[in-house]
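Okay, here's what each chain looks like letter by letter:
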Amino acid sequence: NQTFYMQFKTLLFAACITGIMYSCTKDEPNKNNTSNITINHEDGTFIVNEGGFLQGNASISYVSEIAGTVIHNVFSTINGRPLGDVCQSMLVYGDKAYIVMNNSRKVEIVDATTFKSLAAIEGFTSPRFIVPVSNAKAYVTDLYANGIYVVDLNTNTITKKINCRGWTEEMIQIENELFVTNKQKDQLYIVNISTDEITDSISINYGANAIVRDKNGKLWLSCSGQPGSGNNASIVRIDPVQKQVEQHFTFSQSTDDPWRLSINKSGDTIYFLNKDCYRMSITSAALPTQAVINAEGRNFYGLGIHPNGHIYLADAVDFVQKGRIYIYDAQGNQLKEFLGGMLPSGFNFR
């Protein structure tokens, strides 16, 4: 919202010494005095940079698409310390931002208007994603814990672990139920938010890695399948009320692996990565056969759809050097290209 960005202006000007101007073809430092950088706070996007495993160089970058500015290392600049090891995801909820640090085994909480550190939730095994369901409670998935954590947001402590074998991943809340994906199972698990118990599950394809909800209330999942077993990857549409699979869109090649499933603001078009970037109308009867954006040798690792329809793509390059960020319009025409942080993987749009 506008209040968020006006208040966040102080943070960004404090950090702007690290800012750069970006262009379509090259990375050049801002040639003007950095104190004169103007940032449009209604257009802010946070970029999650995982960083190298065991290198402790995860970071958050901030982008204003209209102003054409990028500010890297926002957390460390404001707080005077590293963010940690492997930044998995980030979510802004209310006046706080929750940054999930996979290998640091914590969720870092910052003030959403200043980005100053407020607290950290610790005790996880290898956290992946967080979904607050109220001001008082959130759920956190985990890679190795064989469970879903319940967190008290008043005390910032873990209060319970819901047993759920396998690698729990993305979640989505619908009223009093939480739908949880699992990358090592063929089930979509349903948690009752009142009781913090798994009360049901829906049989799907193996290896669900992402979940979104469309304008009709249907759930869409990208599933990796089991390569080599004849169980190819698929996109699955589910009716969450009837708790039934409505359709499997199965890929033809065993090497297909859709992930980073995203949806546009109007909720009528899904996007996903499968080496290239694809999009698909929620009314389509078949999977798309042509990419909207071809990778052309790049290593697409992150995908996000801006509320204005622009397509954000992150290139991990070789997983050693800093990645690159590409912005395209809705028709797939490249608008911008600039240097990202180490291993950029996700986008948080405001």
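Heads up: the structure comes first, above all this text.
Residues numbered from 1 in each chain as written. Predicted model: local features only at pLDDT ≥ 70, side-chain atom pairs only at ≥ 80, totals over all residues. Heavy atoms only, no water.

## With respect to the environment of alanine 136
Turning to step 1, where the next piece is worked out: You can see alanine 136 is positioned in the loop between β10 (127-132) and β11 (137-142).
Turning to step 2, where the next piece is worked out: When the C-alpha atoms of alanine 136 and aspartate 152 are compared, they prove to be 5.8 Å apart, with 16 residues separating the residues in sequence.
Turning to step 3, where the next piece is worked out: In contact with alanine 136, not counting residues within four places along its chain, are Val151, Asp152, Leu153 and Asn154. (Helix = DSSP H or I, 4+ residues; strand = E, 2+ residues; numbered from the N terminus. Contact = heavy atoms within 4.5 Å.)

## Examining the environment of lysine 275
Turning to step 1, where the next piece is worked out: Checked against the element boundaries, lysine 275 lands in the loop between β23 (269-274) and β24 (276-281).
Turning to step 2, where the next piece is worked out: Its relative accessible area of 57% is what places lysine 275 among the exposed residues.
Turning to step 3, where the next piece is worked out: Each C-alpha atom, one on lysine 275 and one on asparagine 294, is 8.1 Å from the other, the two residues being 19 residues apart in sequence.
Turning to step 4, where the next piece is worked out: Ignoring anything within four residues of it in the chain, the contact list for lysine 275 reads Thr255, Ala295 and Phe300. (Buried < 20%, exposed > 50% of the residue type's maximum accessible area, 1.4 Å probe, protein only.)

## Description of the nonpolar core
Turning to step 1, where the next piece is worked out: Ile60, Leu83, Cys87, Met90, Ile99 and Phe115 are the most contacted members of the largest nonpolar core, which totals 18 residues.
Turning to step 2, where the next piece is worked out: Apart from the residues lying within four places of it in its own chain, the contact partners of methionine 90 are Phe46, Val48, Ile60, Ala97, Tyr98, Ile99, Phe115 and Asn348. (Core = buried A, V, L, I, M, F, W, Y, C linked by side-chain atoms within 4.5 Å.)

## Looking at the pairing of strand β29 (residues 344-349)
Turning to step 1, where the next piece is worked out: With respect to burial, β29 is a largely interior element, 5 of its 6 residues being buried.
Turning to step 2, where the next piece is worked out: Sheet topology note: the strand β3 (residues 44-49)/β29 ladder contains 5 bridges and is antiparallel. Paired with asparagine 49 across the two strands is proline 344, which belongs to β29. (Pairing = 2+ DSSP bridges.)

## Here we look at the pattern of salt bridges
Turning to step 1, where the next piece is worked out: Applying the stated rule across the entire model yields 11 salt bridges.
Turning to step 2, where the next piece is worked out: We note a salt bridge from lysine 243 to glutamate 177, for which the minimum N-O separation is 3.2 Å. Taken together, the residues span a long stretch of sequence, with lysine 243 in the loop between β20 (234-239) and β21 (244-250) and glutamate 177 in strand β15 (residues 177-182) at a distance of 66 residues.
Turning to step 3, where the next piece is worked out: Overall, the relative accessible area of 22% leaves lysine 243 in the partly exposed class.
Turning to step 4, where the next piece is worked out: By relative accessible area, glutamate 177 is classed as partly exposed at 22%.
Turning to step 5, where the next piece is worked out: For glutamate 246, the salt bridge goes to lysine 218, with nearest N and O atoms at 2.8 Å. Taken together, the positions of glutamate 246 in strand β21 and lysine 218 in the loop between β18 (208-213) and β19 (219-223) put the pair 28 residues apart, joining distant regions of the chain.
Turning to step 6, where the next piece is worked out: A single network of salt bridges, built from pairs that share partners, joins Lys218, Arg237, Asp239 and Glu246. (Salt bridge = Lys/Arg side-chain N within 4 Å of Asp/Glu carboxyl O.)

## A word on the pairing of strand β26 (residues 311-315)
Turning to step 1, where the next piece is worked out: Summarising burial for β26: 5 of the 5 residues are buried, a large majority.
Turning to step 2, where the next piece is worked out: Every second residue of β26 is oriented toward a common face, with Ile311, Leu313 and Asp315 on one face and Tyr312 and Ala314 on the other, all of them buried.
Turning to step 3, where the next piece is worked out: As judged from the 5 bridges shared by strand β25 (residues 300-305) and β26, these two strands associate in the antiparallel manner. Across the sheet, residue phenylalanine 300 finds its bridge partner in β26, namely aspartate 315.
Turning to step 4, where the next piece is worked out: Count of turn residues in the β25/β26 antiparallel hairpin: 5 residues, of which glycine 309 carries a positive phi of about 95°.
Turning to step 5, where the next piece is worked out: Bridge count between β26 and strand β27 (residues 324-328): 5 bridges; the pairing is antiparallel. Within β27, the position partnered with leucine 313 by the bridge is tyrosine 326.

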